[in-house]
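One-letter residues, chain by chain:
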Amino acid sequence: MKTFMIERYGDKAGVRAGEMPDPQVGVDDIMVRIHAASINPLDLKLRDGDFKAFLPYRLPLVLGNDLAGVVVQVGSAVTRFALGDEVYARPDKDRIGTFAELIAVHQDDLAIKPATLTMAQAASLPLVALTSWQALVERAQVQPGQKVLIHAGSGGVGTIAIQLAKQLGTHVATTTSTANVDLVRELGADVVVDYKKQAFETVLHGYDVVLDTLGGETLEKSLKVLKPGGKVISVAGPPDPAFARELGANVILRLAMSALSFRTRRRAKRRSVTYSFLFMKASGDQLRELTPLIDAGKIRPVVDRVFPFDQTREAMEYVEKGRAKAGKVVVAMT
């Protein structure tokens, strides 16, 4: 099958087209012919080797963490899916590789594609929709009436998290650039901070939850907008001890992650708030929870551009250089 892969970490020019054997289908697996996949910052970090300490992939590695496609083979124990089903998924972290013609996915990680979406639209959603769900519903357990700040509201996670937060009944603030103020308002943001004109930490106060997608100084400043007991959940900040335990990491890696996040956790504690790092997990069940909201138009995908599959490397460069105006970048196989 045709793929886009890397043969070594850290080589930005090393993403190349190549042939790989078709995947094998286990008893609980589903073979999907991929129609579309989307680009995520995670793909760039994996390419660069940022996560190789705790995600020890064997090289060559086919990149790609989102898919939409059609079921072409099912394992003997599969009960939920049949040949010809249109599906979407974020494969498990140990079984990525959606920049390819085919992939074998465990049935628990897959869901029927929203009927109202094209393949390209559906492929833009799994990773960012699951990240939003796991941050707001699972981790933060947000309640109606609470105040939520979502950073980078026009980004892949931000566009979906704003809409989900509104469906959960919260008051939503977001940060964005001047060009995307109208977009994030249309998505449901109650308060929009144009970061080119205002410092969010000076105008926002008393928030219950912050979803941080940027890390660095943004994460540190986010602690200031929370009220006592508030939570900042970051997908871009330093890993914490809870994440290390979740991974089953060895003692050295646990100590390293604890050290990386120590300063942030200490600052959070001084403000009587909490910090946690989120590395989202695959979940077909959670996608099935989200699908009715998508089909009802309550959550809509935002797609910036669709590239043909043979331009996957160019699509990654487009994302890396910040050319996407809003939402996700997709590669289409057909």
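Everything in this summary refers to the structure shown in the same document. Keep in mind that this is a model prediction, so the values were computed, not measured.

The rules behind the values
Residues numbered from 1 in each chain as written. Predicted model: local features only at pLDDT ≥ 70, side-chain atom pairs only at ≥ 80, totals over all residues. Heavy atoms only, no water. Pairing = 2+ DSSP bridges. Helix = DSSP H or I, 4+ residues; strand = E, 2+ residues; numbered from the N terminus. Axes fitted to C-alpha atoms, helices over the stretch in contact; angles between N-to-C directions. Polar contact = N/O pair within 3.5 Å; in protein donor to acceptor, adjacent residues only side chain to side chain. Contact = heavy atoms within 4.5 Å. Buried < 20%, exposed > 50% of the residue type's maximum accessible area, 1.4 Å probe, protein only. Salt bridge = Lys/Arg side-chain N within 4 Å of Asp/Glu carboxyl O. Patch = residues over 30% accessible without salt bridge, like charges linked within 9 Å, V, L, I, M, F, W, Y side chains within 5 Å. Areas by Shrake-Rupley, 256 points an atom, 1.4 Å probe, with all protein chains shown as cover. Lys, Arg positive; Asp, Glu negative; His and termini not counted. Charge placed at Lys NZ, Arg CZ, Asp CG, Glu CD.

### As for the sheet that holds strand β1 (residues 2-6)
What links the strands of a sheet is backbone hydrogen bonding, and the strands pair in either a parallel or an antiparallel sense.
Moving on, step 1. Spatially, β2-β1-β4 is the arrangement adopted by the three strands of the open sheet, whose pairing is antiparallel. Strand pairing shows two members of the sheet lacking a second neighbour, β2 (16-19) and β4 (61-62), which therefore form its edges.
Moving on, step 2. Sheet analysis places β1 next to β4, joined by two bridges and oriented antiparallel. Bridge pairing in β4 places Met 5 opposite Val 62.

### Looking at the sheet that holds strand β13 (residues 226-234)
Moving on, step 1. Pairing is parallel in the open sheet, where six strands are placed in the order β11-β10-β9-β12-β13-β14. Lying at the two open borders of the sheet, with one neighbouring strand each, are β11 (191-194) and β14 (274-277). In this sheet, adjacent strand axes meet at a mean angle of 15° when their direction is disregarded.
Moving on, step 2. Pairing of strand β12 (residues 207-212) with β13 involves five bridges; the strand directions are parallel. Opposite Asp 212, over in β13, you have Ser 234 as the bridge partner.

### Section: the side chain of Ser 38
Moving on, step 1. Note that Ser 38 resides in strand β3 (residues 29-39).
Moving on, step 2. In this structure the side chain of Ser 38 is engaged in a polar contact, spanning 2.7 Å, whose partner is the side chain of Asp 66.
Moving on, step 3. At a separation of 2.9 Å, a polar atom in the side chain of Ser 38 contacts the side chain of Lys 328.
Moving on, step 4. For Ser 38, the contacting residues outside a window of four places in its chain are Asp 43, Asp 66, Phe 99, Ala 123, Ser 124, Lys 328, Val 329 and Val 330.

### Structural notes on helix α3 (residues 126-139)
Moving on, step 1. For α3, a buried count of 11 out of 14 residues is recorded, marking the element as mostly surrounded by other parts of the structure.
Moving on, step 2. All buried positions along α3 are accounted for by Pro 126, Leu 127, Val 128, Ala 129, Leu 130, Thr 131, Ser 132, Trp 133, Gln 134, Ala 135 and Leu 136.
Moving on, step 3. Just past α3, the residue Gln 141 takes up positive phi, approximately 50°.

### Notes on the pattern of salt bridges
Moving on, step 1. One pass over the full model with this rule turns up 17 salt bridges.
Moving on, step 2. Notably, a salt bridge pairs Asp 48 with Arg 47, separated by 2.8 Å at the nearest N-O pair.
Moving on, step 3. What makes Asp 48 partly exposed here is its relative accessible area of 27%.
Moving on, step 4. A relative accessible area of 2% places Arg 47 in the buried class.

### Quick word on a positive patch on the surface
Moving on, step 1. Residues Arg 305, Lys 321, Arg 323 and Lys 325 make up a contiguous surface patch of positive charge.
Moving on, step 2. Looking at the secondary structure, you find Arg 305 in strand β15 (residues 303-308).
Moving on, step 3. Taking the relative accessible area as the measure of exposure, Arg 305 reaches 37% and is therefore partly exposed.

Coordinates in, geometry out; function isn't part of it.
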